[in-house]
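These are the residues of each chain, in order.
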Amino acid sequence: MDLVQLEIFKAVAEQGSISAAAQHIHRVPSNLTTRIKQLEEDLGVALFIREKSRLRLSPAGWNFLEYTRRILDLVHEARLTVAGEDPQGTFSLGSLESTAAVRIPALLAAYNQRYPKVDLDLSTGPSGTMLEGVLSGRLVAAFVDGPVLHPTLEGIPVFEEEMMVIAPLNHAPVTRAQDVNGENIYAFRANCSYRHHFENWFVQDQAVPGKIHEMESYHGMLACVSAGAGLAMMPRSMLDNMPGCSTVSAFPMSEDFRYLKTWLVWRRGTVSRSLSMFVKLLEERRAS
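Rules and cut-offs
- Residues numbered from 1 in each chain as written.
- Predicted model: local features only at pLDDT ≥ 70, side-chain atom pairs only at ≥ 80, totals over all residues.
- Heavy atoms only, no water.
- Phe/Tyr/Trp six-rings, centres within 6.5 Å; stacked < 30°, edge-to-face > 60°.
- Helix = DSSP H or I, 4+ residues; strand = E, 2+ residues; numbered from the N terminus.
- Buried < 20%, exposed > 50% of the residue type's maximum accessible area, 1.4 Å probe, protein only.
- Contact = heavy atoms within 4.5 Å.
- Pairing = 2+ DSSP bridges.
- Axes fitted to C-alpha atoms, helices over the stretch in contact; angles between N-to-C directions.
- Parallel < 35°, antiparallel > 145°, perpendicular 65-115°, else oblique.
- Nonpolar A, V, L, I, M, F, W, Y, C, P; charged D, E, K, R; others polar.
- Salt bridge = Lys/Arg side-chain N within 4 Å of Asp/Glu carboxyl O.

## Considering the packing of aromatic side chains
- Here the structure, examined in full by the defined rule, presents 12 aromatic pairs.
- On the basis of an interplanar angle of 80° and a centroid distance of 4.9 Å, the ring pair of F188 and Y218 is categorised as edge-to-face. One end of the pair, F188, is in the loop between β7 (185–187) and α8 (193–204); the other, Y218, is in helix α9 (residues 218–226), and 30 residues separate them in sequence.
- On the basis of relative accessibility, which here comes to 12%, the residue F188 falls in the buried class.
- The class for Y218 is buried, based on a relative accessible area of 2%.

Structure, rendered in structure tokens:
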């Protein structure tokens, strides 16, 4: 097994066919076919399921792809470190929508200015989706609701968010979930940690929400609440930066549910110069 075989395997796995991978890495298809067969013989397992003109990763192939990505990233990182070069290449970062909108724009701009060779690729979504991206290797790191207790992840707390219940204008004060028992709520999909937090707030006070309407954005939630159609929960930092925030009433959640920490997380043992410099810059800005 050598690095060329790993690079070929990664290309075929990601492109889905020998011909597409050959074009991607500028090699002849027959060479890729031979090297993949040699790799499978060396490992003693089938890495692909052959389906006519396409190749689909086998269960063993999925596992091997994860290690292949980590090995190649480590080799790339070692080369950059020895050469003393600034980080470069693609840095895939995930983030909660509210964090991307309010907390990190200036950070990302500063990072781009300091490390112009890095191609910063930002994805946003609920915590569950972002964590899946980090675990699968699709994302190098992600800002998620914490703390994160997954055994293969590590990270640092970076922001504290004050969580607010928003209600139609002139709604009676909301001090606990019993005050809004049975009222409809607007929330993200089921894999959103903020939604779980909102639902647990009801459960802890022996209350239940009415119908849960799934939304794709905070702006949609705000519009529905402003129209008098129900309640929603969002960070104060997000609410204060949204046009139309004055068209709703906002109440801090009860003390046990009022504050949540946002963490930056990555796979345990990740070696990435882009990530290391990003964490360093983040800590510099937090200390200033």
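From this point, the discussion proceeds with the structure in view.
## Concerning the side chain of S127
- Along the chain, the position of S127 falls in helix α7 (residues 127–136).
- For S127, the contacting residues outside a window of four places in its chain are L96, V144, D145, N191 and S193.

## Description of unusual backbone geometry
- Cis geometry is found at the peptide bond from G146 to P147, where omega equals 5°.
- Here P147 lies in the loop between β5 (141–145) and β6 (153–168).
- Although it is not a glycine, H26 adopts a positive phi angle of roughly 60°.
- Residue position: H26 is located in the loop between α2 (18–25) and α3 (29–43).

## Quick notes on the pairing of β6
- The element β6 is largely enclosed, with a buried count of 12 among its 16 residues.
- Bridge count for β6 against strand β11 (residues 259–267) is nine bridges, and the pairing is antiparallel. By the bridge assignment for β11, E162 is matched with Y259.
- Bridging between β6 and strand β9 (residues 231–235) involves four bridges; their strand directions are antiparallel. Of the residues in β9, the one forming a bridge with I166 is A232.

## Quick look at the packing of helix α1 (residues 3–15) against α3
- The contact between α1 and α3 brings their axes to 9 Å, and the two run at 110°. The orientation of α1 with respect to α3, classified from their angle, is roughly perpendicular. In contact with V4, Q5, I8, F9 and V12 of α1, α3 contributes N31, L32, R35, I36, Q38 and L39.
- The residue makeup of the contact of α1 with α3, split by class, is seven nonpolar, three polar and one charged.

## Considering the pattern of salt bridges
- On inspection of all chains with the given rule, the structure shows 16 salt bridges.
- For E160, the salt bridge identified is with K261, shortest N-O distance 3.6 Å. One end of the pair, E160, is in strand β6; the other, K261, is in strand β11, and 101 residues separate them in sequence.
- Residue K261 is classed as partly exposed on the basis of its relative accessible area, which comes to 41%.
- One salt-bridge network, in which partners are shared between bridges, spans E162, R236, E255 and R258.

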